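Examination of the molecular architecture
Spelled out, the chains give:
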Amino acid sequence: MIGRTALTRRGLLVAAATAPLVVACTTQPPAPPPPDVLEPLAAAARADAALATALQAPDTASARTEHAARLQAEIDRATPRVPGSPVPSTAPSAVLAPPSPTRDALVQSLRTAQKQAGELLPSLPTYRTGLVGSIAAGCASLVEALS
Amino acid sequence: MSGPGGFGNGFGSGFAGRRVGAVTTTAAAPAGSDVDAVQQALAAEHAAVWTYGLVSAFVDNQAPVSEGANDHRARRDATERLLRDKGATPKPPAPAYLPPQPVENANSAVAALIAVESDVCTAWHGVLERTEDADLRKTALDALTVSAVRATRWRKTAGVTPVPITLPGTAVG
């Protein structure tokens, strides 16, 4: 009698302990991490580089390409990729310049990027403020150089 | 940044740090560390005020020189107030500063301005990297941006290429 009761109890305990495991193994793989807050900055930098290239503004194009590369390196460092997960398509070739690019549009876009980076600054951890602040000031320098 | 003769290279010139006849003063800075970075920004602002005064006799177009001088004076005063508010003693200016090359004509005068603005960028970038204080971050970004724009303008005047500074305040330029 005692033996059987103990067995039953053990059986229950095992069932209770393993149930969550079964659930864990059958549910969907964990959702991908939320997009990095630096993503919009990197996308803007790639778009500006494409626009500047179309406008034959090589200094602006190389500066914004550098910004995009620095941002992407920081994003990649902060979010190690899970093996087997799809590689996000962030190839610069995916960025197309608008059909009729103008210098005014480029200046406007650089001003927006400067503002965007500045607004993000208060919420960032200290190890990111140097990069983002420098990019904001770099956009202001690019606007000045184009004027 | 890669100007001729390496001017404007923030880490290379060491302009702000080269005080002539400097007396080492140890301000009673409270522990909590963005204070040292702000003291360095103040030292860079002192050097900028001094340099704008030095070059004024050599630059033809006076308007941007006096504008720069006024801005740096205002920034210096604001930075001293900021340090006092943090309970620190603002470091005094050096009696004189050494530009990276002697200022003896318009070209070397503009080169000195590019170098000192670049040093100001480096110093405020250092503040940005060391503070959690949102207001101080805003101040540092503003100072970094204004000096980056002014350095760009002087690079244009001097014919330094590329004119824009990709990453102001960093070794990349």
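Residues numbered from 1 in each chain as written. Chains lettered and ligands numbered in written order. Predicted model: local features only at pLDDT ≥ 70, side-chain atom pairs only at ≥ 80, totals over all residues.

Some words on the overall build of chain A
From N to C terminus, chain A includes five helices and zero strands. Starting at the N terminus, the α and β elements of chain A follow one another as α-α-α-α-α. Contacts in chain A between residues far apart in sequence, at least 24 positions, make up 73% of those at least 6 positions apart. (Helix = DSSP H or I, 4+ residues; strand = E, 2+ residues; numbered from the N terminus. Contact = placed C-beta atoms within 7 Å.)

Details of the environment of Ala 54 of chain A
All names here are of chain A. Note on placement: Ala 54 falls in helix 2 (residues 39-54). Since 17 C-beta atoms lie within 10 Å of it, Ala 54 is described here as partly exposed. Along the backbone, Ala 54 and Glu 144 are 90 residues apart, and their C-alpha atoms lie at a distance of 19 Å. (Buried ≥ 20, exposed ≤ 12 C-beta atoms within 10 Å, placed from the backbone.)

Quick notes on helix 3 (residues 58-78) of chain A
Between its terminal C-alpha atoms helix 3 of chain A stretches 30 Å, which fits the 30 Å expected from 21 residues at 1.5 Å a residue. Tucked inside the fold, the buried residues of helix 3 of chain A contact helix 2, helix 4 (103-120) and helix 5 (126-146) of chain A. (Expected span 1.5 Å × (residues − 1).)

Details of the interface of chain A and chain B
The parts lose accessible area when they come together, and the size of an interface is often stated as this lost area. Taken together, the contact between chain A and chain B spans 21 residues of the former and 24 residues of the latter. When residues in the side of chain A that touches chain B are grouped by element, the largest group, 14 residues, is from helix 5 of chain A. Along the lines of polarity and charge, the residues of the side of chain A that touches chain B split into nine nonpolar, nine polar and three charged. (Nonpolar A, V, L, I, M, F, W, Y, C, P; charged D, E, K, R; others polar.)

Description of the nonpolar core
Ranked by internal contacts, the top residues of the largest apolar core, which has 72 residues, are Cys 139 of chain A together with Ile 114, Trp 124 and Leu 144 of chain B. Only helix 2, helix 3, helix 4 and helix 5 of chain A together with helix 2 (34-55), helix 3 (62-85), helix 4 (106-130) and helix 5 (134-158) of chain B provide two or more residues apiece to this core. The element that contributes the greatest number of residues to this core is helix 4 of chain B, accounting for 14 residues. Discounting chain neighbours no more than four positions away, the residues touching Trp 124 of chain B are Ala 41, Ala 140, Ala 143, Leu 144 and Gly 169 of chain B. (Core = buried A, V, L, I, M, F, W, Y, C linked by C-beta atoms within 7 Å.)

Some remarks on the packing of helix 2 of chain B against helix 3 of chain B
Axis angle and axis distance: for two packed helices, these are the angle between their axes and the distance between the axes, and together they describe the pair. All names here are of chain B. Between helix 2 and helix 3, the least distance of the axes is 9 Å, while the angle of their chain directions is 155°. In terms of axis orientation, helix 2 runs roughly antiparallel to helix 3. Crossing of helix 2 over helix 3 shows left-handed handedness. Mapping the contact onto sequence places Val 35, Val 38, Gln 39, Ala 41, Leu 42, Glu 45, His 46, Ala 48, Val 49, Tyr 52, Gly 53 and Val 55 in helix 2 and Val 65, Gly 68, Ala 69, His 72, Arg 73, Arg 75, Arg 76, Thr 79, Glu 80, Leu 82 and Leu 83 in helix 3. Residues that form the contact of helix 2 with helix 3 fall into these classes: 12 nonpolar, six polar and five charged. (Axes fitted to C-alpha atoms, helices over the stretch in contact; angles between N-to-C directions. Parallel < 35°, antiparallel > 145°, perpendicular 65-115°, else oblique. Left-handed = near helix turned anticlockwise from the far one by under 90°.)

Points about the environment of Asp 133 of chain B
Position of Asp 133 of chain B relative to the elements: it lies in the loop between helix 4 and helix 5. As for Asp 133 of chain B and Asp 34 of chain B, which are separated by 99 residues in sequence, their C-alpha atoms are 9.0 Å apart.

Topic: the environment of Ala 136 of chain A
Residue position: Ala 136 of chain A is located in helix 5. Remark: the alpha-carbon pair of Ala 136 of chain A and Glu 119 of chain A, spanning 17 residues in sequence, is separated by 9.7 Å. Setting aside residues no more than four positions away along its own chain, Ala 136 of chain A makes contact with Gln 114, Ala 117 and Gly 118 of chain A together with Leu 141 and Thr 145 of chain B.

A word on the packing of helix 5 of chain A against helix 4 of chain B
Running from N to C, helix 5 of chain A and helix 4 of chain B point in directions that differ by 145°, and their axes come no closer than 7 Å. Across from Thr 126, Thr 129, Gly 130, Gly 133 and Ser 134 of chain A in helix 5 of chain A, the residues of helix 4 of chain B making contact are His 125, Leu 128, Glu 129 and Arg 130 of chain B. In terms of residue class, the contact of helix 5 of chain A with helix 4 of chain B is made up of one nonpolar, six polar and two charged.

Focus on unusual backbone geometry
Cis peptide bonds are those with omega within 30 degrees of zero, and the linkage from Thr 161 of chain B to Pro 162 of chain B qualifies with -10°. With respect to the helices and strands, Pro 162 of chain B occurs in the segment after helix 5. One non-glycine residue, Gln 56 of chain A, lies in positive phi territory at about 55°. Turning to its location among the elements, Gln 56 of chain A is positioned in the loop between helix 2 and helix 3. We classify Gln 56 of chain A as exposed; it has 9 C-beta atoms within 10 Å.

Observations regarding the confidence of the model for chain A
For residues with low pLDDT, the predicted coordinates do not support detailed interpretation. Put simply, chain A has an average pLDDT of 83, and 69% of its residues get 70 or more. Helix 5 of chain A holds the highest mean pLDDT among the elements of chain A, 98, whereas helix 1 (residues 2-26) of chain A holds the lowest, 57. (pLDDT = per-residue confidence, 0-100.)

Side note on helix 4 of chain A
Between its first and last C-alpha, helix 4 of chain A extends 26 Å over 18 residues, near the 26 Å set by a 1.5 Å rise per residue. Every buried residue of helix 4 of chain A is listed here: Leu 106, Ser 109, Leu 110, Ala 113, Gln 114, Ala 117 and Gly 118 of chain A. Contacts from the buried residues of helix 4 of chain A go to helix 2, helix 3 and helix 5 of chain A together with helix 5 of chain B.

Re the confidence of the model for chain B
Residue and element names in this part refer to chain B. With 81% of its residues at a pLDDT of 70 or more, chain B has an overall mean of 86. Segment residues 1-14 is flagged for pLDDT under 50; beyond a separation of four residues in sequence, or across chains, it makes 36 contacts in the model. In this model, residues 21-31 is a region of pLDDT below 50 whose contacts with residues beyond four sequence positions or in other chains number 18 contacts. For this predicted complex, the interface confidence score (ipTM) comes to 0.84, while the overall pTM stands at 0.80.

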